Amino acid sequence: MSALLCYERAALELGERRVLADFSLAVGAGEIVALLGPNGAGKTSVLRAGLGLIPLASGAVRLGEDDPRALSARARALRAAYLPQHPQAIWPLSVEALIALGRYAHGGAPDRLGPRDQAAVDAAIQTCGLGALRARRMDEISGGEKLRVHLARTLAQEAPLLMLDEPSAGLDPAQALGVAEILQAHAKRGAAVLFSTHDVALAAHAAHRVAVMAQGRLLAEGAPEAALTPEVLEQAYGKRGRLERVGSGYAAVFEAQSLNRPA
Amino acid sequence: MSLRNNWFVVIAALTALSLAALLAALWLGPVPIADPFASDVRTRAIVWEVRLPRALTAWLVGAALGLSGAALQGLLRNPLADSGVLGLSGFAALGAVIAFAFGFMGFAPIAAVAFALAAATLVTALGWRARGPASLALIGIGLLRLAGGRIALALNIEPNPGALADLVNWTLGSVEGRSLADAMLAGSFLVVGGALIFASARGLQALTLGEVAASAIGADLLRTRTLVVLGAAACAGGATAVAGVIGFVGVAAPHFVRAMVGHDPARLLLPSALAGGAMLVCADIAVRLLPTDTELKLGVAAALVGGPVFALIAARLASRGGDA
């Protein structure tokens, strides 16, 4: 299996701060990998470096066979779709028009969709359950709905690799699981997914492998149950915690110090 | 689908409005004319040699300002951007004034476009990461002050009173007494600038997602930025070279058009140009019909009407949280 995305001892600095150090990871077709770690661990930097949006200090990133920074924006977009952490819709387009922006690299535009583009947009709308909202304006829908619209936009891009920065942030538990199902269905069709999250249970539930980061370094990597040990969780988050099986899914439990509750 | 049809309806309506305004401009004026198509010498002189070139110039200048406003708004993701607010027109005026002052009148249009280009490059470089409409407007105000100060300096040291009057008149903005050659000049800059701007349309759409995501869906942002900066400079520079500084058309035209065709920056371009043209022809008819001793300058009229509109748009944005 050749990797669609591969980091080889990647290191990255932003100003004086070292954001990534000695980071190695590969994501192959049909595979979902979750990036876990506390705020500031370097998850967003991993995604941005993978897209070639920021240059490495040392090491290498390969998007397919190539350095993403050597690719044109269009060539890159045909290989990887990206959902930023706080996706924007500066102008209140309709839901459908915003999703149609995902067709940019294929030559499509919201006001100029070929049959192939329209099919991809329709499929993404259906997958994300946005049929009832497609004509609504982006400033008329809820935060959770907005996030799903942007997710649909990355799906409509039909890139073999999805890179998603907190695709379940701000979603209720059922919606978050809905996102996990979307990703799994997408991976079954052969796509590779790399996503960051703070939801340890969701990562365990959705991903084939997890990569736990802290301070720009990889702490552990592997199948969720093997990698997410109490030691790794404590090292990453500074709190004792464990991953538990609940039915066919997972729950992540962290020990909270006793708070001074009023008697 | 209905959205698409709607767009064509708006284009047709704005084209009809432009033609109606141009026709009205031939007919209406301080000298009453019953039939603008009558063949007597007097009517023909007034209608075809005075009113037509003036009306055409007004339309072309308005279209250039509306189009460059829509493009700058898309590029900077800011509904208050336009060549007047951002200082492109002010710089263009400065360029032309310098050419005048040094006796190179023939180079005034080129100087205007070159200076507009300098302002556009500067303001987009400074304003690219400016968040919120206010900070960008402040950058524009800075550039405007700079240009205004230099123009004042040029006027101050201009020794020839005749030339001084011309310069003052012209910095106020007017299409009075313009010839077909002036209209052609504005038209050719509009064609060049328009071609550049329309080539940037898809990039402007992509920028709806913000810089990073626009690049991630495959947009070449350097190309988009270059096209808009060059296109807006050609439009605003050409318009200012012909008609002087006329503000607010570039803010108002896209603003009104959004209510009809939505917010997609690519679909705003053509209707904004048509609306800008129609607006300026109507405004010019108004200044010609107003019973003032000295004709009110078009640029002054635009500021009188456009200033409050601008303030209203800004206030509405601010009440919505501003970062639109």
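Residues numbered from 1 in each chain as written. Chains lettered and ligands numbered in written order. Predicted model: local features only at pLDDT ≥ 70, side-chain atom pairs only at ≥ 80, totals over all residues. Heavy atoms only, no water.

*Asks:* Mind showing me how you'd approach the overall build of chain A here?
*Replies:* The secondary structure content of chain A amounts to nine helices and eleven strands. For 263 residues, the compact-globule estimate of 2.2 N^0.38 gives 18 Å, and chain A sits close to it at 19 Å. Oriented by its inertia axes, the alpha-carbon framework of chain A measures out at about 55 × 50 × 35 Å. The burial tally for chain A puts 51% of its 263 residues in the buried class. Partitioning the intrachain contacts of chain A with sequence separation of at least 6 by distance along the chain shows that 62% fall at a separation of at least 24. For chain A, the exposed surface amounts to about 11700 Å²; the carbon and sulfur share of it is 49%. (Helix = DSSP H or I, 4+ residues; strand = E, 2+ residues; numbered from the N terminus. Rg over C-alpha atoms; globule rule 2.2 N^0.38 Å. Buried < 20%, exposed > 50% of the residue type's maximum accessible area, 1.4 Å probe, protein only. Contact = heavy atoms within 4.5 Å. Areas by Shrake-Rupley, 256 points an atom, 1.4 Å probe, with all protein chains shown as cover.)

*Asks:* Which parts of the structure should I look at to understand the side chain of Ser272 of chain B?
*Replies:* Residue and element names in this part refer to chain B. As for its position among the elements, Ser272 is in helix α12 (residues 265-289). Judged by relative accessible area, Ser272 falls into the buried class, the value being 0%. In this view, Ser272 contacts Gly66, Leu67, Ala70, Ala253, Pro254 and Val257; residues no more than four positions away in its chain are not counted.

*Asks:* Is there a simple way to explain the sheet that holds strand β2 (residues 17-28) of chain A in this structure?
*Replies:* For sheets, the rule is that strands pair by backbone hydrogen bonds, running either parallel or antiparallel. All names here are of chain A. Pairing within the open sheet is antiparallel, and its three strands lie in the order β2-β1-β4. Each edge of the sheet is formed by a strand with only one pairing partner; in this case those strands are β2 and β4 (58-63). Between one strand axis and the next, the sheet turns by 20° as a mean value, whatever way the strands run. Sheet topology note: the strand β1 (residues 3-14)/β4 ladder contains five bridges and is antiparallel. Across the sheet, Ala11 pairs through a bridge with Ser58, a residue of β4. Contacts from helix α1 (residues 43-50) reach β1, β2 and β4 within the one sheet, and its direction differs from that of β1 by about 120°. (Pairing = 2+ DSSP bridges. Axes fitted to C-alpha atoms, helices over the stretch in contact; angles between N-to-C directions.)

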